[in-house]
Every structure is written in structure tokens, then in C-alpha cells.
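Structure assessment
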Amino acid sequence: MDREGRRRSGRRAEGTAGATSGAGDGSPMTRQLWVDEPVARMRLADPVRTAAVRAVLIASLTLIQGMVAFLCTLAGSWLAFPMVLSSVASTVAATWAVLDVWVTRQVWKQRHGVISEPSSSARALRRERRRARRAAKAAARQSSRIRRRERLSQVA
């Protein structure tokens with residue numbers, strides 16, 4: 001992982017061992033065996049990934065259980081009814097697991113999702129709003145001073 005928390009995928013570089021640079025100076029081209037390229041999507045956070053793996057395992061077991069219940073029903077086995085009941089319970093558990101992934105992802109985003117960088121547009125907007133508020137307060141203070149001076153000069 002690099003500094004921003006993104007995984008990098010590797011790709012073999014193009015070129016041959018005996019290639020020379022196009023400059024015509026006869027020096028051999030430096031050949032890289034591996035080139036790092038940034039991945040388009042960021043890696044899932046560990047708790048979110050754990051919840052997603054759990055949800056996939058539960059959903060796959062539910063599908064297998066449903067298929068066994070269907071085949072037992074076709075075969076007329078005594079196991080069909082208990083398998084149907086357990087399939088219904090597993091479906092509820094699988095739904096719960098998928099909701100767990102969604103909730104875990106939202107909680108992770110709320111706790112760790114805001115990245116404040118110097119080049120962040122949100123930070124620049126806050127800075128501009130802060131400057132505008134300070135300028136408005138300074139103008140209000142200045143105008144109140146002028147009014148006080150005028151009142152004092154009228155009294156005296």
C-alpha cells in the first residue's frame with residue numbers, strides 16, 4: 001500500500017533485453033521488470049471487508065441449503081421440510097449479514113472517511129467563509145467605533 005492507502009497493481013513493462021534508446025547514442029534502454037500503477041478504486045477497510053466476506057459465505061451457504069431443500073422436495077425425502085425451514089432462517093441471516101456490510105461501511109465512512117488535505121476544496125471553501133466572516137466582523141466593529149465617536153463628539 002502507498003501513503004494514501006491505495007493498493008497498487010503491478011504490470012510487466014514492455015520492452016526487450018537488447019533494446020536501445022531512440023536517441024541513437026547506442027546506450028541500452030533501462031528496462032523495468034515491474035511498473036506500479038494506481039488502482040482505480042480504494043481498498044475496502046478491514047472491518048468492511050470482514051463483514052463482506054462473512055455475508056458472501058452466509059449467502060452462499062443459504063443458496064446451497066435452498067438447493068438441497070429443493071432437491072429433497074423433488075425426491076420426496078423426509079429431510080425436505082426441515083431443510084425448507086432452515087433455508088428460511090438462513091435467508092433471514094443472509095439478509096442481516098448484507099445489512100451488516102452496509103451499516104459497517106457507513107460507520108467506517110463517518111469515522112474515517114473525511115480526508116483533509118491542503119488541496120481539499122472543502123478546506124478552501126471554509127477558509128474563504130472564515131475570511132468573509134472576519135471581514136464582516138471587522139467592518140461592524142469599525143462602523144460601531146465611528147458611531148461611538150460621533151455620539152461622543154455630539155455630547156461634548
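Note: the structure precedes this text.
Report follows, based on the coordinates. The structure presented is a predicted model; accordingly, all values stated were derived computationally and were not measured.

Moving on, we get to helix α1 (residues 46–75). With 30 residues, α1 extends 43 Å from end C-alpha to end C-alpha; this agrees with the ideal 44 Å at 1.5 Å per step. Here α1 has its buried residues at V48, A51, A55, T62, Q65, A69 and C72. As for α1, its buried residues are in contact with α2 (80–112). G76 sits one or two residues past α1 and shows a positive phi near 75°.

Scanning the entire structure with this criterion turns up 3 salt bridges. A salt bridge links D46 to R49; its shortest N-O distance comes to 2.8 Å. Highlighted residues: D46 and R49, both in helix α1, separated by 3 residues, approximately one helical turn. Under the relative-accessibility criterion, R49 is labelled partly exposed at 27%. Residue E128 pairs with R131 through a salt bridge whose shortest N-O separation is 3.1 Å. Separated by 3 residues within a single helix, E128 and R131 lie in helix α3 (residues 121–155), roughly one turn from each other. Among the residues examined, R131 registers a relative accessible area of 48% and is labelled partly exposed.

For α2, which comprises 33 residues, the first-to-last C-alpha distance of 47 Å matches the rise-based estimate of 48 Å (1.5 Å per residue) to within 8%. As for α2, its buried residues are in contact with α1.

Each value, and the rule that gives it
Residues numbered from 1 in each chain as written. Predicted model: local features only at pLDDT ≥ 70, side-chain atom pairs only at ≥ 80, totals over all residues. Heavy atoms only, no water. Helix = DSSP H or I, 4+ residues; strand = E, 2+ residues; numbered from the N terminus. Expected span 1.5 Å × (residues − 1). Buried < 20%, exposed > 50% of the residue type's maximum accessible area, 1.4 Å probe, protein only. Contact = heavy atoms within 4.5 Å. Salt bridge = Lys/Arg side-chain N within 4 Å of Asp/Glu carboxyl O.

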